[in-house]
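Chains, contacts and geometry: an overview
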Amino acid sequence: MILGVDLAERGLFDQTVEILDGTHARLRRHPLAEEAAPVLPGFLANLGLARILCGGFGAAEDHLEEARSLARERNLDLLELVTRQNLGCLTLRRGDPAGAIAVFTDLAHRLPADRREALCTDLAEALLAEGRLEEAALTLADGPWAHGRSAQPVTLLVEAKLRLLRGDRYRARELVRRVQDAHGPGSLWFRLAVRVEAMADRVCAAPLERLYTSPQERAHAALELRRPLSVSRPVPRLVAAHRAVDVRLPPWPPAPRMPGGPRVVHGSHPARTPRATGGPRTAHGRQETSGPRVTHESQEIGDPWAACAGPAGGDPHVAGDPQVVRAGVEVALARGDLRGALEWAEFSVPPEPRVPAGRCDPVVERYREALANGRDRHCLVYARRWERARYARGVPDRECGPVGARLSGLLADRAFVRLVVVGEVVALVVVDGRVHARSLGPPARVARGVAAALAPVLALVRDRPLVIAADPRLGHPPWGALPGLRGRPVAVVPSARSWVDRAARPLPHWRRVLLASGPTPRGAAREVADLGGVHSGARRAARVHEVAAGAAGCDLVHLSGHGRVAERSPLLSSVALADGPLLALDLVSAAPPEVVVLTSCGAGRFAGALLAAGVRAVVASPAPVRDAGTGRAVAGFHRALAAGAAPPEAVAAHLGRHGFVCLGA
């Protein structure tokens, strides 16, 4: 039995199963199996895990269920938890990553520290299979290896997969070679490392290599990479995603060309583009194509769009897969179907998990207490515990219907700009009932100079108010302070559907107003006192329970105080009040207010969390707020609201030059 465990640690799982199978029958007849309570259930738990990694799922389930039953009978609590974790691994490899995530999150704070690495790795692998890359990265960052301890081979391989899916093939290869150096060719870990390394070039194709790979091929490679390690066949969810990559949108008549103006570059589609009869060939014998196709077409939005199948014609969970979405956008652009590209881009915004009702969660209260007492390490523990429990509750169903026609009807004299990253940044612009596309350049260059990169878009929209939905990888610039946007009403939203849902609601009448301030900075109380003259019937509050209770269903809530951002858990971001921290969660646990104004530093993530929870509009600054002149600008903003201006217009007139943005409508 000791030899079998040693072989498992070296990745020789075929030999492990062979040895443990031979030991199994003899162990059952041995007196030790009854005298030492943990021996038989522990043996079965190890044998079940080894069988999972070898693909013997049926026998693995029998062994693990017996181990779990014995552990319960003998009051072996830790062994029962470990067996449940192994059953979660079986659930994952049978094609149910969502069920595996629920198992792993339930175990997150029950297992001891020496099991933390294995659990974090299993959870990260399940999140990757679901396409939740950012959550997988945060989960891996919570592991003990992030603080200097050596990682197990499975952990290194899961991190290598994540690096490849993010486009970092160099770091991925470094991790893969660490595994290869530590384990011989006969090891399962070595074989899996070779498999991951072989997929690097297909998943992270360089710009020139993309001339020979279609969006579908790259998506297929990424979906294959996301499969759990040691699974030899695609899981059902990813099979459905493979099919969704090849979705065919209905053909549209050719649109008239726009005279002059910048052009957008689209990759050619190998399935539709005929091969050239001549031209140079590469060293591998493949014929070199003439390069990307160039088009600058625009398309009209009309009623026929409502009949477009597009991504709405399939499973919303599959259509929301990040690799499927990127392939859908790229294929639509290559075909010149800009409307289809806009619809596909909507699915790049993942749905937010449900906001828990009420403020009685003991984990939240422990987090609040730790935050008030400056115990940062405890804050991190409670924040991760709350986030995992929140994601275990699931996410609401995604709305699948096309949004283009509704968007065009509500824009009026505004323009909608969707910045999507598909290798380069492409701006999909809806203006005057038509969709246009403009190429803006590589993401890193656009993020460094958003104002300069937007020049082709601004030339197209002229002086219209803007609604902007930008990929998070481009950062969170102070849009209203950028050259070309100063004085222009700008609404920043996660997606077109988010803006449409808010813009269709009538503006509130600002009858129910709540003004709250903390003890710091010094000007916070004076700012709130001045606003009392603008909103004569406003209520004042300075304590957490007063603000949380008074904000429910308010037309307008103004918060001024020292802010703290919880990077990994935005709903746990806070503003310091007189008796402790007020969390973003406190404002939306009941009926969320319509509009929230935050004049605290670093309120960007706080604002985004409120917007995701259903607040109509949040006015905040992603950068530190300067005291000089801000108070007068804030008062002017509130006077504009009281006079009937919409939040984006009031921000443009008074707060935009100070770095504030309007999130929402």
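Each remark here, short or long, concerns the structure printed above.
1. With respect to the overall build of the protein
- Along the protein, the regular secondary structure elements total 31 helices and 17 strands.
- Looking at the protein as a whole, 53% of its 665 residues qualify as buried.
- Long-range contacts, defined as pairs at least 24 residues apart, comprise 68% of the intrachain contacts of the protein with a sequence gap of at least 6.
- Of the roughly 28900 Å² of accessible surface on the protein, a fraction of 53% belongs to carbon and sulfur atoms.

2. Thoughts on the pattern of salt bridges
- For the structure shown, the criterion picks out 25 salt bridges.
- Residue Arg-72 pairs with Glu-80 through a salt bridge whose shortest N-O separation is 3.5 Å.
- With a relative accessible area of 51%, Arg-72 lands in the exposed category.
- Here Arg-326 ties to Glu-330 by a salt bridge, and the two come within 3.1 Å at their closest N and O atoms. Here the residue Arg-326 and the residue Glu-330 both occupy positions in helix H17 (residues 322–334), the gap between them amounting to four residues, near one helical turn.
- On the basis of relative accessibility, which here comes to 11%, the residue Glu-330 falls in the buried class.

3. Digging into helix H31 (residues 647–655)
- Among the residues making up H31, those that are buried are Pro-647, Pro-648, Ala-650, Val-651, Ala-652 and Leu-655.
- Turning to H31, the residues buried within the fold contact strand S8 (490–492), strand S15 (595–598), strand S16 (617–620), helix H30 (630–642) and strand S17 (661–664).

4. Some details on the pairing of strand S13 (residues 574–577)
- Judged from the two bridges that link them, strand S12 (residues 563–564) and S13 form a sheet pairing that is antiparallel. Residue Gly-563 lies in a different strand from S13, and its bridge partner there is Val-575.
- Here S13 pairs with strand S14 (residues 580–583) via four bridges, running antiparallel. When the bridges of S14 are listed, Ser-574 appears paired with Leu-583.

5. Quick look at the nonpolar core
- With 67 residues, the main nonpolar core has Trp-479 and Leu-610 as its most contacted residues.
- Excluding anything up to four places from it in sequence, Leu-610 contacts Ala-584, Leu-587, Val-588, Val-596, Leu-598, Val-615 and Val-618.

6. Section: the side chain of Ser-498
- As for its position among the elements, Ser-498 is in helix H25 (residues 496–503).
- The buried category is assigned to Ser-498, whose relative accessible area is 10%.
- A polar side-chain atom of Ser-498 sits 2.9 Å from a polar atom in the side chain of Arg-502.

7. Some thoughts on the packing of helix H5 (residues 57–73) against helix H6 (residues 77–93)
- Taken N-terminus to C-terminus, the directions of H5 and H6 make an angle of 160 degrees; their axes are 9 Å apart at the nearest point. One finds that H5 runs roughly antiparallel with respect to H6. As for the relative orientation of H5 and H6, their crossing is left-handed in sense. Only Leu-79, Glu-80, Thr-83, Arg-84, Asn-86, Leu-87, Leu-90 and Arg-93 of H6 make contact with H5, whose side of the interface consists of Phe-57, Glu-61, Leu-64, Glu-65, Ala-67, Arg-68, Ala-71 and Arg-72.
- Looking at the contact of H5 with H6, its residues break down into seven nonpolar, two polar and seven charged.

8. Comments concerning the packing of helix H21 (residues 404–411) against H25
- Orientation of H21 relative to H25, taken along the N-to-C sense of each, is 50 degrees, at an axis distance of 10 Å. Here H21 lies oblique to H25, going by the angle between them. By crossing handedness, the relation of H21 to H25 is classed as left-handed. For the pair formed by H21 and H25, the contact residues are Arg-406, Leu-407, Leu-410 and Leu-411 on the first element and Ala-496, Trp-499, Val-500 and Asp-501 on the second.
- Broken down by class, the residue content of the contact of H21 with H25 amounts to six nonpolar, no polar and two charged.

9. Looking at the sheet that holds S13
- Strand order across the open sheet formed by three strands is S12-S13-S14, with antiparallel pairing between neighbours. A strand with exactly one partner marks an edge of an open sheet, and here the two such strands are S12 and S14.
- Against the sheet, helix H19 (residues 362–372) touches S12, S13 and S14, its axis set at about 135 degrees to S14.
- Its contacts with the sheet put helix H27 (residues 544–551) on S13 and S14, and the angle it makes with S14 is roughly 20 degrees.

10. Structural notes on the environment of Arg-218
- Note on placement: Arg-218 falls in helix H14 (residues 215–225).
- When the C-alpha atoms of Arg-218 and Gln-323 are compared, they prove to be 8.4 Å apart, with 105 residues separating the residues in sequence.

11. Observations concerning H6
- Here H6 spans 25 Å end to end across 17 residues, near enough to the 24 Å set by a 1.5 Å rise per residue.
- The buried fraction of H6 amounts to 14 of the 17 residues, a majority that puts the element mostly inside the structure.
- A positive phi of about 100 degrees marks Gly-95, the residue just after H6.

12. Here we look at the pairing of strand S5 (residues 424–431)
- Of all eight residues in S5, seven are buried, a share of seventy percent or more.
- As paired strands, strand S4 (residues 415–422) and S5 are joined by seven bridges and run antiparallel to one another. The residue of S5 that forms the bridge with Val-422 is Glu-424.
- The antiparallel pairing of S4 with S5 creates a hairpin that spans one residue between the two strands, and Gly-423 there sits at a positive phi of about 85 degrees.
- Here S5 runs beside strand S6 (residues 434–441); their pairing, made up of seven bridges, is antiparallel. When the sheet's bridge partners are listed, Leu-428 is paired in S6 with Ala-437.
- Hairpin remark: S5 followed by S6, antiparallel, with two residues in the connecting loop; positive phi at Asp-432, about 55 degrees.

13. Observations regarding the environment of Ala-100
- Its place among the elements puts Ala-100 in helix H7 (residues 97–107).
- Aside from chain neighbours lying at most four places away, what touches Ala-100 is Gly-88, Thr-91, Leu-92 and Ala-126.

14. Concerning the environment of Ala-548
- As for its placement among the helices and strands, Ala-548 is situated in helix H27.
- Separated by 39 residues in sequence, Ala-548 and Leu-587 place their C-alpha atoms 5.6 Å apart.

Cut-offs used in this document
- Residues numbered from 1 in each chain as written.
- Predicted model: local features only at pLDDT ≥ 70, side-chain atom pairs only at ≥ 80, totals over all residues.
- Heavy atoms only, no water.
- Helix = DSSP H or I, 4+ residues; strand = E, 2+ residues; numbered from the N terminus.
- Buried < 20%, exposed > 50% of the residue type's maximum accessible area, 1.4 Å probe, protein only.
- Contact = heavy atoms within 4.5 Å.
- Areas by Shrake-Rupley, 256 points an atom, 1.4 Å probe, with all protein chains shown as cover.
- Salt bridge = Lys/Arg side-chain N within 4 Å of Asp/Glu carboxyl O.
- Pairing = 2+ DSSP bridges.
- Core = buried A, V, L, I, M, F, W, Y, C linked by side-chain atoms within 4.5 Å.
- Polar contact = N/O pair within 3.5 Å; in protein donor to acceptor, adjacent residues only side chain to side chain.
- Axes fitted to C-alpha atoms, helices over the stretch in contact; angles between N-to-C directions.
- Parallel < 35°, antiparallel > 145°, perpendicular 65-115°, else oblique.
- Left-handed = near helix turned anticlockwise from the far one by under 90°.
- Nonpolar A, V, L, I, M, F, W, Y, C, P; charged D, E, K, R; others polar.
- Expected span 1.5 Å × (residues − 1).

Take it as geometry only, folks, not as evidence of what the structure does.
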